[in-house]
Amino acid sequence: MDATSRPPSLAGLRRTYEGEPLLEAAVAADPIAQFTVWFGEALDAGLPEPNAMVLATASKAGRPSARTVLLKGYDERGFVFYTNYESRKGRDLAENPRASLLFPWHPMRRQVRVEGSVSRLPHEESAAYFASRPYGSRIGAWASRQSAVVRSREELDARYEELAERWPEDPPVPDFWGGFLVAPVEMEFWQGQLDRMHDRLRYRRTGPAWAVERLAP
């Protein structure tokens with residue numbers, strides 16, 4: 001291995017974190033309410049795509065995978081995203097309906113982690129969201145057999161054009177596409193602090209209520 005192909009040294013690659021203390025007395029009793037506060041602050045800070053989240057799933061055999069998807073809604077039930085049900089994540093969730101989400105708001109030295117059970121949204125809810133998407137995204141949902149091997153870009157583009165000719169306007173919602181709801185059983189709010197003494201507050205569901213616990217950094 002010559003000098004130009006050697007990986008860089010990462011030992012000294014670090015930043016100093018400093019943020020407002022995250023204290024038990026200052027957070028909401030409900031994690032969704034606390035998420036709303038932090039999400040609003042991420043929007044106000046102008047973070048690019050604050051609704052981007054890392055979705056981690058695992059197959060029935062326990063093989064994990066992770067990817068970035070977009071949060072498209074949340075309420076007291078949990079967190080919503082949409083995808084092709086035949087994709088790798090869709091297959092994982094059919095076999096093992098549990099997932100973890102991570103919102104990496106690095107410029108604010110914050111992270112939010114969510115763990116929960118996953119279920120499909122009702123078809124009517126998925127169809128309503130699909131109808132709100134831009135036309136090109138709706139055709140793209142039909143054109144992409146997500147996670148399947150494609151022989152070439154040309155094949156993918158040809159399929160898109162074929163479907164655009166088939167539905168020049170108002171394509172229907174595919175039966176293989178729709179929403180998932182992640183219903184949290186645990187949520188953690190992480191605030192970076194000096195000397196790696198970070199604040200970590202975890203909400204853990206205990207029946208109908210939530211317990212708030214401080215975790216060591």
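Look above for the structure.
None of these values were measured; they are calculated from a predicted model.

Engineer: I keep staring at the environment of Glu 169 and nothing clicks. Help me out?
Structural biologist: Assignment of secondary structure puts Glu 169 in the loop between helix H5 (153–166) and strand E7 (177–191). Here Glu 169 falls in the exposed class, since its relative accessible area comes to 63%. On a C-alpha basis, the gap between Glu 169 and Arg 205 in space is 45 Å, while along the polypeptide they are 36 residues apart.

Engineer: Please clarify how the pairing of strand E8 (residues 199–206) should be interpreted in this entry.
Structural biologist: Each regular strand carries side chains that alternate between the two faces of the sheet. Note: E7 against E8, six bridges, orientation antiparallel. By the bridge assignment, Glu 186 is partnered in E8 with Arg 204. When E8 meets strand E9 (residues 209–214), the two strands line up antiparallel, connected through six bridges. Bridging across to E9, Arg 204 finds its partner in Ala 211. Hairpin geometry of E8 and E9 is characterised by an intervening segment of two residues between the two adjacent antiparallel strands and by a positive phi of about 70° at Gly 207.

Engineer: It is not clear to me how helix H1 (residues 31–44) should be interpreted in this structure. Could you clarify?
Structural biologist: Owing to its 3.6 residues per turn, the α-helix aligns residues three or four sequence positions apart on the same side. Taking 1.5 Å per residue as the helical rise, H1 with its 14 residues ought to reach 20 Å, and the 20 Å between its terminal C-alpha atoms agrees with that figure. Looking at where H1 begins, the residue whose side-chain oxygen comes 2.8 Å from the main-chain nitrogen of Ile 32 is Asp 30.

Engineer: Looking at this structure, I do not really get the side chain of Thr 57. What am I missing?
Structural biologist: For Thr 57, the location among the structural elements is in strand E1 (residues 52–58). Separated by 2.7 Å, the side chains of Thr 57 and Asp 92 make a polar contact. Setting aside anything within four residues of it in sequence, one finds Thr 57 in contact with Arg 63, Pro 64, Ser 65, Arg 67, Lys 89, Asp 92, Leu 93, Arg 98 and Ala 99.

Engineer: Explain the packing of helix H4 (residues 135–143) against H5 to me, please; I cannot follow it from the model alone.
Structural biologist: Axis angle and axis distance: for two packed helices, these are the angle between their axes and the distance between the axes, and together they describe the pair. Contact pair H4 / H5: the axes reach a minimum separation of 9 Å and the direction vectors enclose 120°. Considering the angle they form, H4 stands oblique to H5. With respect to the hand of their crossing, H4 and H5 are arranged in right-handed fashion. Listed contacts from H5 to Tyr 135, Gly 136, Ile 139, Gly 140, Trp 142 and Ala 143 of H4 are Leu 156, Arg 159, Tyr 160, Leu 163 and Ala 164. For the contact of H4 with H5, the per-class residue count stands at eight nonpolar, two polar and one charged.

Engineer: Got a minute to help me understand the pairing of strand E6 (residues 110–120) in this structure?
Structural biologist: By the bridge criterion, eight bridges tie strand E5 (residues 98–105) to E6 in an arrangement that is antiparallel. Within E6, the position partnered with Ala 99 by the bridge is Gly 116. Between E5 and the antiparallel strand that follows it, E6, lie four residues; Arg 109 among them carries a positive phi value of about 55°. The pairing of E6 with E7 spans eleven bridges and is classified as antiparallel. Paired with Ser 119 across the bridge in E7 is Leu 181.

Conventions adopted
Residues numbered from 1 in each chain as written. Predicted model: local features only at pLDDT ≥ 70, side-chain atom pairs only at ≥ 80, totals over all residues. Heavy atoms only, no water. Helix = DSSP H or I, 4+ residues; strand = E, 2+ residues; numbered from the N terminus. Buried < 20%, exposed > 50% of the residue type's maximum accessible area, 1.4 Å probe, protein only. Pairing = 2+ DSSP bridges. Expected span 1.5 Å × (residues − 1). Polar contact = N/O pair within 3.5 Å; in protein donor to acceptor, adjacent residues only side chain to side chain. Contact = heavy atoms within 4.5 Å. Axes fitted to C-alpha atoms, helices over the stretch in contact; angles between N-to-C directions. Parallel < 35°, antiparallel > 145°, perpendicular 65-115°, else oblique. Left-handed = near helix turned anticlockwise from the far one by under 90°. Nonpolar A, V, L, I, M, F, W, Y, C, P; charged D, E, K, R; others polar.

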